[in-house]
Amino acid sequence: MSYLSEDSYVIAATEPSDLELLRAHVGGDRQAFAVLLRRHYDHLWHTALRTSYTREDAADALQEALLSAHRTAARFRADAAVRSWLHTIVVNACLDRIRRNKVRPTVSLSGEDDVEPRTERDTIADFEMSMVIDRALFALPPEQRAAVVAVDVEGYSVADAARLLGVPEGTIKSRCARARLKLAQRLEFLRDPGNRT
């Protein structure tokens with residue numbers, strides 16, 4: 001069996017590409033969009049989590065984004081990878097939700113201690129460290145957080161992040177620089193080895 005790499009996602013050559021699935025969806029195939037989402041759902045969910053302030057906002061924004069992608073698939077111009085197009089829609093939905101929440105704040109219905117089940121290989125220290133880093137990320141302004149997550153967490157180039165977020169490359173560079181400076185200040189205490197365990 002041969003394999004093709006598409007947008008850092010390896011799929012069997014016998015399976016349709018992301019673009020073929022999107023076109024099949026537009027053409028009326030009722031299963032194509034579901035297959036496409038199964039391929040990229042984990043990435044999109046983690047993107048929503050890193051861009052939103054709460055899990056509820058991430059879930060709502062992701063749902064809105066996927067509905068939008070489903071409805072507007074016919075307008076996809078294929079000037080970027082399908083995964084990048086979906087990523088952009090999710091980030092924009094999260095940023096829209098953050099803006100709306102500033103006008104109309106919401107209260108979480110779940111308890112602060114609600115945590116999804118962890119896998120056995122994760123340790124408590126890893127979990128606590130991720131909470132510290134997440135808290136530092138969430139303290140950033142949404143536009144800076146989206147830029148630094150795209151470049152430093154998701155691994156997109158500055159050019160790709162600029163295209164995903166719809167801003168000039170210089171804006172991505174400056175947002176990342178400001179975000180990294182703020183993160184360095186907030187996480188300075190981790191330089192002490194005693195604070196990492």
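As the structure is a computational prediction, the values presented were derived from the model and not from experiment. Along each chain, residue indices are assigned from 1 in the same order as the chain's sequence is written. This being a predicted model, a pLDDT of at least 70 is required before a residue's local features are given, and a value of 80 or more before pairs of side-chain atoms are given or counted; all residues contribute to the totals for chains, interfaces and linings. Note: side-chain values were computed over all heavy atoms of the structure, leaving out hydrogens and water.

Draft legend 1. Expanded view of helix H2 (residues 32-51). A run of H or I in DSSP becomes a helix once it reaches four residues, and a run of E becomes a strand once it reaches two; helices and strands are each numbered from the N terminus. One less than the residue count of a helix, multiplied by 1.5 Å, gives the span that helix is expected to have. Between its first and last C-alpha atoms H2 spans 27 Å; for 20 residues at 1.5 Å apiece the expected length is 28 Å, and the two agree. Of all the bends in H2, the greatest measures close to 60° and is centred on histidine 40. Bend, at a single residue, is the angle you get between axes fitted to the 7 residues ending at that residue and the 7 residues starting at it.

Draft legend 2. Region of interest: the environment of aspartate 29. With respect to the secondary-structure elements, aspartate 29 resides in the loop between helix H1 (18-26) and H2. By the criterion applied in these results, polar contacts are pairs of N or O atoms within 3.5 Å in which, for protein atoms, one can donate a hydrogen and the other can accept it, and in which residues neighboring in sequence qualify only through two side-chain atoms. Here the side chain of aspartate 29 touches glutamine 31 through a polar contact of 2.8 Å, landing on its backbone nitrogen. Among the polar contacts made by the side chain of aspartate 29, one reaches the main-chain amide nitrogen of alanine 32 at a distance of 3.3 Å.

Draft legend 3. Main features of the packing of H1 against H2. Closest axis-to-axis distance for the H1/H2 pair is 8 Å, and the angle between their directions is 145°. In this structure, H1 crosses over H2, and the sense of that crossing is left-handed. Here H1 contributes Asp18, Leu21, Leu22, Ala24 and His25 to the contact with H2, which in turn contributes Ala32, Phe33, Val35, Leu36, Arg39 and His40. Residue composition of the contact of H1 with H2, grouped by class: seven nonpolar, two polar and two charged. The axes used here are C-alpha line fits, helices contributing only the stretch in contact, and every angle between their N-to-C directions lies in the interval 0 to 180 degrees. A crossing counts as left-handed when the near helix is turned anticlockwise from the far one by less than a right angle, and as right-handed when that turn is clockwise. Any two residues whose heavy atoms approach within 4.5 Å are treated as being in contact. Under this grouping Gly is polar, as are all residues other than the nonpolar Ala, Val, Leu, Ile, Met, Phe, Trp, Tyr, Cys and Pro and the charged Asp, Glu, Lys and Arg.

Draft legend 4. Representation of the packing of H2 against helix H3 (residues 55-72) in the model. Running from N to C, H2 and H3 cross one another at 145°; their axes reach a closest spacing of 10 Å. At the point where H2 passes H3, the crossing takes the right-handed sense. Between H2 and H3, the contacting residues are Phe33, Leu37, Tyr41, Leu44, Trp45, Ala48 and Leu49 on the first element and Arg55, Ala58, Ala59, Leu62, Leu66, Ala69 and His70 on the second. Per-class residue counts for the contact of H2 with H3 are 12 nonpolar, one polar and one charged.

Draft legend 5. Representation of the side chain of histidine 87. Within the element layout of this structure, histidine 87 appears in helix H4 (residues 82-103). Burial here depends on accessible area, computed with a 1.4 Å probe over protein chains only, as a share of the maximum for the residue type. Under 20% is buried, over 50% is exposed, and the range in between is partly exposed. Histidine 87 sits in the buried class, given a relative accessible area of 2%.

Draft legend 6. Quick look at the nonpolar core. In this structure, Leu22, Leu36, Leu62, Val82, Trp85, Leu86 and Val90 are the most contacted members of the largest nonpolar core, which totals 25 residues. Put simply, the parts of the chain that give this core at least two residues each are H1, H2, H3 and H4. For this core, the element with the highest residue contribution is H2, accounting for eight residues. Residues within four places of tryptophan 85 in sequence aside, it is in contact with Leu22, Ala69, Thr72, Ala73 and Phe76. Note on terminology: a nonpolar core comprises buried Ala, Val, Leu, Ile, Met, Phe, Trp, Tyr and Cys residues joined through side-chain atoms within 4.5 Å.

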